[in-house]
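Architecture and fold: a report
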Amino acid sequence: WLKCPTAAASAFPKEACAYCPQAFFKMQNDEGRIVDLYLPRKCSATNRLIPAKEHGAVQLNIGQVDEQGRYTGEFFTFALAGFIRQRGESDSCLNRLLHEKGLLTFSK
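Residues numbered from 1 in each chain as written. Predicted model: local features only at pLDDT ≥ 70, side-chain atom pairs only at ≥ 80, totals over all residues. Heavy atoms only, no water.

**Focus on the overall build of the protein**
Where we set the bar: Only DSSP runs of H or I covering at least 4 residues are called helices, and only runs of E covering at least 2 are called strands; the numbering of each starts at the N terminus. Each residue is placed in one exposure class: buried if its accessible area under a 1.4 Å probe, protein chains only, is under 20% of its type's maximum, exposed if it is over 50%, and partly exposed if it falls in between. In this description, contact between two residues means that some pair of their heavy atoms is separated by no more than 4.5 Å. Here the open area of atoms and residues is found with the Shrake-Rupley method and a 1.4 Å probe, where only the protein chains shown may cover a residue.
From N to C terminus, the protein includes two helices and four strands. Starting at the N terminus and walking to the C terminus, you meet the elements of the protein as β-β-β-β-α-α. Buried residues in the protein amount to 17% of all 108 residues. Contacts in the protein between residues far apart in sequence, at least 24 positions, make up 27% of those at least 6 positions apart. As presented, the protein carries roughly 8,700 Å² of accessible surface, and 53% of it is formed by carbon and sulfur atoms.

In structure tokens:
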């Protein structure tokens, strides 16, 4: 792709041409949205990437409820890596994350 006329201006070409390999382009649909088959998760507590083969990680969806206690259809998603769970810190990390979102208070 070094012979590419569009690559002369930048290190990575912006659009496909006959000289550029397709490996430099993300999988996008006609609307421009990324449609990759696998998007790695990140731990909500540590921002570490959670590999696909990690079986100790969990993902929790915490639903929102109204004043009568009925589910509103909205939820927050939290992912915790196996590293945090193995150290026994997942409970305190989840409490911190819920407090930051305003879903948990520590007042009596």
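**Quick look at the packing of aromatic side chains**
Quick reminder of the rule: For this analysis, a ring pair means two rings from Phe, Tyr or Trp (six-membered ring only for Trp) whose centres lie within 6.5 Å, classed as stacked if their planes differ by under 30 degrees, edge-to-face if by over 60, and tilted for the remaining angles. As a reminder, the over-ring test applies to NZ of lysine and CZ of arginine, requiring each to be within 6 Å of the ring centre and within 35 degrees of the ring normal.
Counted by the stated rule, this structure contains zero aromatic pairs. The ring of Phe 83 has Arg 48 lying over it, and the distance from NZ or CZ to the ring centre is 4.0 Å.

**Some details on the environment of His 55**
Take His 55: it is sitting in the loop between strand S2 (49-50) and strand S3 (58-65). For His 55, a relative accessible area of 73% puts it in the exposed group. Along the chain, His 55 and Ala 81 lie 26 residues apart, while their C-alpha atoms are 9.1 Å from each other.

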